[in-house]
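The chain contents come next:
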Amino acid sequence: MLDAAFIDELASSAPVPGGGGACACCGALASALASMVGNLTVGKARYADVEGEVLSSLGCLATLRERLVALVDEDARAFEPLAAAYRMPRETPDERAAKEDALQEALVGATEVPLEIMRACVEVLRECDFMARCGSRMAVSDAGVSALFAKAALQGASLNVLINAGSMADVARAEAYRAQAERLVDEGTRLADAVYAFVLDELGGAAT
């Protein structure tokens, strides 16, 4: 069942898939695991009063999962022009100028895709929080794992934003990207940590 081809390609020296694609994949796994919690909840008499909300959450998670899977390929496509720009010659002043123009243009797409991954992961975390608190108690640990996966994907994608923003000549654009990433990390981390603490408490542990 595991897509070993993707993992093997990720492990190779090929430039894509890379960290961004891996984050999108991890976010999709988080969405899938949260969906599992919901699917284990639907139809159970004990949770009849929240079944409508669970079904709604499952719909959101399915959309997010589809989006994150698509972002695996979008991240690879966004990196291609960036890689091509780095390979451009820079022997003459004209070549250097052309290379810099191509690089700056490519950096925008290479930054916006991981930001989209981050946004999707924050949405996944909102659903994880709901599933942890309202889903089947038998799967509460899975809701916690889902939140941890989404948090890792969120933070990982933020690193791609930061490295690309750091190469931008447009300081204002770079700062705007950094600010967006910081807000998403702050929001997502709070959600993930709250879910983790809740799940630990449900399991009789102590949040650290």
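Only a predicted model underlies this, so the values are computations on that prediction, with no experimental measurement involved. (Residues numbered from 1 in each chain as written. Predicted model: local features only at pLDDT ≥ 70, side-chain atom pairs only at ≥ 80, totals over all residues. Heavy atoms only, no water.)

A.B. asks: Quick one: what's the story with the overall build of the protein, residue by residue and with numbers?
C.D. replies: When helices and strands are counted, the protein shows 6 helices and 0 strands. Here the C-alpha coordinates of the protein stretch approximately 75 × 35 × 30 Å along the principal axes. Split into buried and exposed, the 208 residues of the protein put 44% on the buried side. Here the contacts in the protein between residues at least 6 apart in sequence split such that 77% fall between residues at least 24 apart. Split by element, the accessible area of the protein, about 10,700 Å² in all, is 58% carbon and sulfur. Taking the average location of the 18 positive side-chain charges in the protein and that of its 31 negative ones, the two points are 2 Å from each other. (Helix = DSSP H or I, 4+ residues; strand = E, 2+ residues; numbered from the N terminus. Buried < 20%, exposed > 50% of the residue type's maximum accessible area, 1.4 Å probe, protein only. Contact = heavy atoms within 4.5 Å. Areas by Shrake-Rupley, 256 points an atom, 1.4 Å probe, with all protein chains shown as cover. Lys, Arg positive; Asp, Glu negative; His and termini not counted. Charge placed at Lys NZ, Arg CZ, Asp CG, Glu CD.)

A.B. asks: Go over a nonpolar patch on the surface with me, naming the residues and quoting the values.
C.D. replies: A cluster of nonpolar residues, Leu-29, Val-145, Leu-148, Phe-149 and Tyr-196, forms a patch on the protein surface that exposes about 390 Å² of accessible area. No other element matches helix H5 (residues 140-165), which puts 3 residues into the nonpolar patch. With respect to the secondary-structure elements, Leu-148 resides in helix H5. Leu-148 gets classed as partly exposed once you look at its relative accessible area, which sits at 37%. (Patch = residues over 30% accessible without salt bridge, like charges linked within 9 Å, V, L, I, M, F, W, Y side chains within 5 Å. Salt bridge = Lys/Arg side-chain N within 4 Å of Asp/Glu carboxyl O.)

A.B. asks: Describe the environment of Ser-31, listing the residues and the values that go with them.
C.D. replies: As for its placement among the helices and strands, Ser-31 is situated in helix H2 (residues 19-41). By relative accessible area, Ser-31 is classed as buried at 0%. Along the primary structure Ser-31 and Leu-125 are separated by 94 residues, whereas in three dimensions their C-alpha atoms are 8.5 Å apart. Apart from the residues within four sequence positions on either side, Ser-31 is in contact with Leu-61, Leu-64, Arg-65 and Val-124.

A.B. asks: Quick rundown of the environment of Val-140? Include the residues and the values.
C.D. replies: Relative to the elements of secondary structure, Val-140 occurs in helix H5. Aside from chain neighbours lying at most four places away, what touches Val-140 is Ala-132, Phe-198, Val-199, Glu-202 and Leu-203.

A.B. asks: Outline the packing of aromatic side chains, listing residues and values.
C.D. replies: Tallying each qualifying case throughout the model produces 0 aromatic pairs. For the cation-ring pair, Arg-133 lies above Phe-198, with the distance from its terminal atom to the ring centre recorded as 4.6 Å. (Phe/Tyr/Trp six-rings, centres within 6.5 Å; stacked < 30°, edge-to-face > 60°. Lys NZ or Arg CZ within 6 Å of the ring centre and 35° of its normal.)

A.B. asks: Which residues make up the environment of Val-72, and what values go with them?
C.D. replies: Looking at the element boundaries, Val-72 is found in helix H3 (residues 51-87). Classification of Val-72 as buried rests on a relative accessible area of 14%. Distance in space between the C-alpha atoms of Val-72 and Ala-24 is 5.5 Å, their sequence separation being 48 residues. Excluding residues that lie within four positions of it along the chain, Val-72 makes contacts with Phe-6, Gly-21, Ala-24 and Cys-25.

A.B. asks: Quick one: what's the story with the state of the cysteines, residue by residue and with numbers?
C.D. replies: Throughout the structure, instances matching the rule amount to 0 disulfides. Free of any disulfide, Cys-23 has its nearest neighbouring cysteine sulfur in Cys-26, separated by 7.0 Å. For Cys-128, which is in no disulfide, the shortest distance to another cysteine sulfur is to Cys-121 and amounts to 9.5 Å. Of the residues examined, Cys-128 reaches a relative accessible area of 0% and is grouped as buried. (Disulfide = S-S within 2.5 Å.)

A.B. asks: Could you give me a rundown of the packing of H2 against H3, with the residues and numbers involved?
C.D. replies: Relative orientation of the contacting elements H2 and H3 amounts to 160°, with a least axis distance of 8 Å. When the interaxial angle is binned, H2 and H3 end up roughly antiparallel. In the crossing of H2 with H3, the sense of the turn from one axis to the other is left-handed. Here the contact of H2 with H3 is composed, by residue class, of 13 nonpolar, 8 polar and 2 charged. (Axes fitted to C-alpha atoms, helices over the stretch in contact; angles between N-to-C directions. Parallel < 35°, antiparallel > 145°, perpendicular 65-115°, else oblique. Left-handed = near helix turned anticlockwise from the far one by under 90°. Nonpolar A, V, L, I, M, F, W, Y, C, P; charged D, E, K, R; others polar.)

A.B. asks: Hey, could you go over helix H6 (residues 171-202) for me, with residue numbers and the actual values?
C.D. replies: In a regular helix each residue adds 1.5 Å, so 32 residues correspond to 46 Å; H6 covers 46 Å between its end C-alpha atoms and thus fits that length. A distance of 3.2 Å separates the backbone nitrogen of Ala-172 from a side-chain oxygen at the start of H6, and that oxygen is part of Asp-170. In the stretch just after H6, Gly-204 is the one whose phi turns positive, near 85°. (Expected span 1.5 Å × (residues − 1). Polar contact = N/O pair within 3.5 Å; in protein donor to acceptor, adjacent residues only side chain to side chain.)

A.B. asks: I'd like a rundown of the nonpolar core, residues and numbers included.
C.D. replies: In terms of nonpolar packing, the biggest core is built from 59 residues, with Leu-68, Ile-117, Met-118 and Val-124 touching the most fellow members. Here the element with the most residues in this core is helix H4 (residues 93-134); it accounts for 18 residues. If we ignore the near neighbours within four places in the chain, the residues touching Leu-68 are Ala-24, Gly-27, Ala-28, Ile-117, Ala-120, Cys-121 and Val-124. (Core = buried A, V, L, I, M, F, W, Y, C linked by side-chain atoms within 4.5 Å.)

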